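Residues per chain are reported as follows:
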Amino acid sequence: MIRNAYGGSVIVVGAGTIGIACAHYLNKAGLKVTVIDRGTVASACSHGNCGYICPSHVPPLTEPGAFAVALKSLFNPQAAFRVKPRLSPAMWNWMWQFARRCNHRQVLTAGKHLQMILDASMDEYQNLVQQESLDCEWKENGLLYVLQTQRGMDAFAKNDKMLTEHFGVSANRIEGDQLPEFEPGLKSGLAGAFHYPKDTSVRPDRLNQQWADRLRANGVQFIEHCELTHVDKSAGHISHLSTTHGELQADHYVFAMGAWSTRWSNELHCSIPIEPGKGYSVTMNRVENLPTHPILFPEHKVGVSPFETGLRLGSMMEFAGYDTSIRSQRINQLRDSARPYLVASVDGEAKETWYGWRPMTWDSLPIIGATPNLDNAFLATGHNMLGLSLAPSTGRLITELVTEQPPHIDAAPFSPTRF
């Protein structure tokens, strides 16, 4: 990539992980970068997630049977994957488009595109963490998928076989009697696990804060509590942004607003079919006997992240609109789901309870590229549950498109023009 070879200015709207990544690569390319956010840097969906950076997450959400699970959830408020009944034509159109894609062919097609950008992002991360000296609890000991029952092991083995045959991604299978030796933080009596050794993990809040600090030192300006109110346009071109901090002007504009993006479809003259997929987490102080690996429990759909100073449990996928509540039942559900697996106590005081709206697209692919009707506007959104995993490659791709350089990956599958 060309460094410090391109002039001009750019405003990035959104200071989550994706916006930070875009600012990083745009700054490296020589542009004057300003990042604005309605809140604070990386305070929304980028803050309280489990911190997985996982090339093993190739299969899209549009797997066969996913829509049936969604329909059943209408009648089960405690479902880990839940659609809340509500009168929203946009949401039901999204669900219809999602249902149409819940088939094996779509899994393979979307999976190939996801694998391309997942692998590219991992390569970028390896360089980024070292070059920027980011102290963010970067761990390269893989991601462990633990199953409680033999039925769960058999089902996951089929998934692992599919990953191996179609994507070349293989796990190490660990039988139940071997599991406590491999990961002493797990209870005995579990059916087994699959270990994906090439996955990594970080503490996301530390990653984002340090990354943003490095960018500030390199001249990137962050304006917090700066809400976008209007996109001012003329002749197919954005002239400036109206914000709560006044008018802001640049040569190019990158919109990395996550789940809020769809509300700006009309302003940007572009279809942005995103639904917020709400997730939760609870973070506690570090206790004895924590696992050493980041872990997922597929049968209960809960993730475990052991940090240097704490333990985080995270999960859920609620299609409930822009709901801001954190129900105690959901936090208790996280604890109850993890309890059968972990030696460590999951009943410690909650130092932080959190929710975040994942920006979900109906084809499980992010939206990255130029908008079709405004010649200086770009979208970097719709990363579903993989925002942290896909951030560096997204930032690099946006920069290549803005500066009209050859892209490092095929940009076509992620183009906003596909809708």
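As the structure is a prediction and not an experimental result, all values here were calculated from the model.

Basis of the calculations
- Residues numbered from 1 in each chain as written.
- Predicted model: local features only at pLDDT ≥ 70, side-chain atom pairs only at ≥ 80, totals over all residues.
- Heavy atoms only, no water.
- Helix = DSSP H or I, 4+ residues; strand = E, 2+ residues; numbered from the N terminus.
- Buried < 20%, exposed > 50% of the residue type's maximum accessible area, 1.4 Å probe, protein only.
- Lys, Arg positive; Asp, Glu negative; His and termini not counted.
- Charge placed at Lys NZ, Arg CZ, Asp CG, Glu CD.
- UniProt positions renumbered as here; feature names shortened; annotations may be inferred.
- Polar contact = N/O pair within 3.5 Å; in protein donor to acceptor, adjacent residues only side chain to side chain.
- Pairing = 2+ DSSP bridges.
- Axes fitted to C-alpha atoms, helices over the stretch in contact; angles between N-to-C directions.
- Core = buried A, V, L, I, M, F, W, Y, C linked by side-chain atoms within 4.5 Å.
- Contact = heavy atoms within 4.5 Å.
- Phe/Tyr/Trp six-rings, centres within 6.5 Å; stacked < 30°, edge-to-face > 60°.
- Expected span 1.5 Å × (residues − 1).
- Salt bridge = Lys/Arg side-chain N within 4 Å of Asp/Glu carboxyl O.

So, on to the overall build of the protein. For the protein, the count of helices and strands is nine helices and 20 strands. Reported as C-alpha extents along the three principal axes, the dimensions of the protein are approximately 65 × 45 × 40 Å. The buried share of the protein, taken over its 419 residues, is 59%. Between the centroid of the 37 positive side chains of the protein and the centroid of its 40 negative side chains there is a distance of 6 Å.

Let's shift gears to the UniProt feature "domain: FAD dependent oxidoreductase" (unreviewed entry) in the protein. In the numbering used here, UniProt assigns the "domain: FAD dependent oxidoreductase" (unreviewed entry) feature to residues 10–401. Within the segment residues 10–401, helix and strand shares are 31% and 26% respectively, and the terminal C-alpha atoms sit 13 Å apart.

Below, the discussion takes up the side chain of T243. The topology assignment puts T243 in strand β11 (residues 238–243). On the basis of relative accessible area, T243 is assigned to the buried category, the value being 9%. From its side chain, T243 meets the backbone nitrogen of H245 in a polar contact 2.9 Å long. A polar contact is formed between the side chain of T243 and the backbone oxygen of G246, at a distance of 2.7 Å.

Take E132: it is sitting in the loop between α4 (104–131) and β5 (143–147). Once the C-alpha coordinates of E132 and W211 are considered, the two residues, 79 residues apart in sequence, prove to be 7.8 Å apart.

Taken in spatial order, the three strands make up an open sheet running β10-β11-β12, and their pairing is antiparallel. Either end of the sheet is taken by a strand with one partner, and the two such strands are β10 (228–233) and β12 (246–248). Within this sheet the neighbouring strands show an average axis-to-axis angle of 25°, counted without direction.

Quick look at the nonpolar core now. Counting 71 residues, the largest nonpolar core has L26, V33, Y125, F222 and V254 as the members making the most contacts within it. Residue contacts for Y125: discarding those within four places in its chain leaves I53, W138, L207, L388, S389, A391 and P392.

Before going further, it helps to spend a moment on the packing of aromatic side chains. Tallied over the full model, the rule gives 14 aromatic pairs. Centroid distance W94 to F319: 5.1 Å. Interplanar angle 40°. Geometry classified as tilted. Of this pair, W94 sits in helix α3 (residues 89–100) while F319 sits in strand β17 (residues 310–319), and the two are 225 residues apart along the sequence. No difference in accessibility class separates W94 from F319, as the two residues are buried. An angle of 20° between the planes, with centres 5.0 Å apart, marks the rings of W260 and Y322 as stacked. Of this pair, W260 sits in the loop between β13 (252–255) and β14 (274–285) while Y322 sits in the loop between β17 and α8 (328–338), and the two are 62 residues apart along the sequence.

We now examine the pairing of β13. Successive residues of a regular strand alternate their side chains across the two faces of the sheet. With burial as the criterion, each face of β13 is covered, one bearing H252 and V254 and the other bearing Y253 and F255. As defined by bridge partners, β13 adjoins strand β20 (residues 377–381) across three bridges and the pair is classed as parallel. Residue pairing in the sheet places V254 in a bridge with F378 of β20.

Another point: α4. If you check α4, its first and last C-alpha atoms are 40 Å apart, about what 28 residues at 1.5 Å a residue would give, namely 40 Å. For α4, the N-terminal cap is N103; the gap from its side-chain oxygen to the backbone nitrogen of R105 is 3.2 Å. At the exit of α4 stands S133, carrying a positive phi of roughly 50°.

Attention shifts here to unusual backbone geometry. Phi is positive for H225, which is not a glycine, with a value near 55°. Within the secondary structure layout, H225 lies in the loop between β9 (221–223) and β10. Since its relative accessible area comes to 51%, H225 is described here as exposed. Even without being a glycine, H269 presents a positive backbone phi close to 55°. Topologically, H269 is positioned in the loop between β13 and β14.

The next thing to look at is the pattern of salt bridges. Close approach of charged atoms allows side chains of opposite charge to pair. In this structure the tally under the stated criterion is 20 salt bridges. When the shortest N-O distance is used, the salt bridge between R38 and E227 registers 3.6 Å. With a gap of 189 residues between them, R38 in the loop between β2 (32–36) and β3 (52–53) and E227 in the loop between β9 and β10 connect regions that are remote in the sequence. Judged by relative accessible area, which is 45%, R38 ranks as partly exposed. By relative accessible area, which is 35% here, E227 ends up partly exposed. Between D363 and R418 there is a salt bridge; the shortest N-O distance is 2.7 Å. Here D363, found in the loop between β18 (350–361) and β19 (367–370), pairs with R418, found in the segment after α9 (387–402); they are 55 residues apart in sequence, far enough to count as distant. The class of D363 is buried, set by a relative accessible area of 8%.

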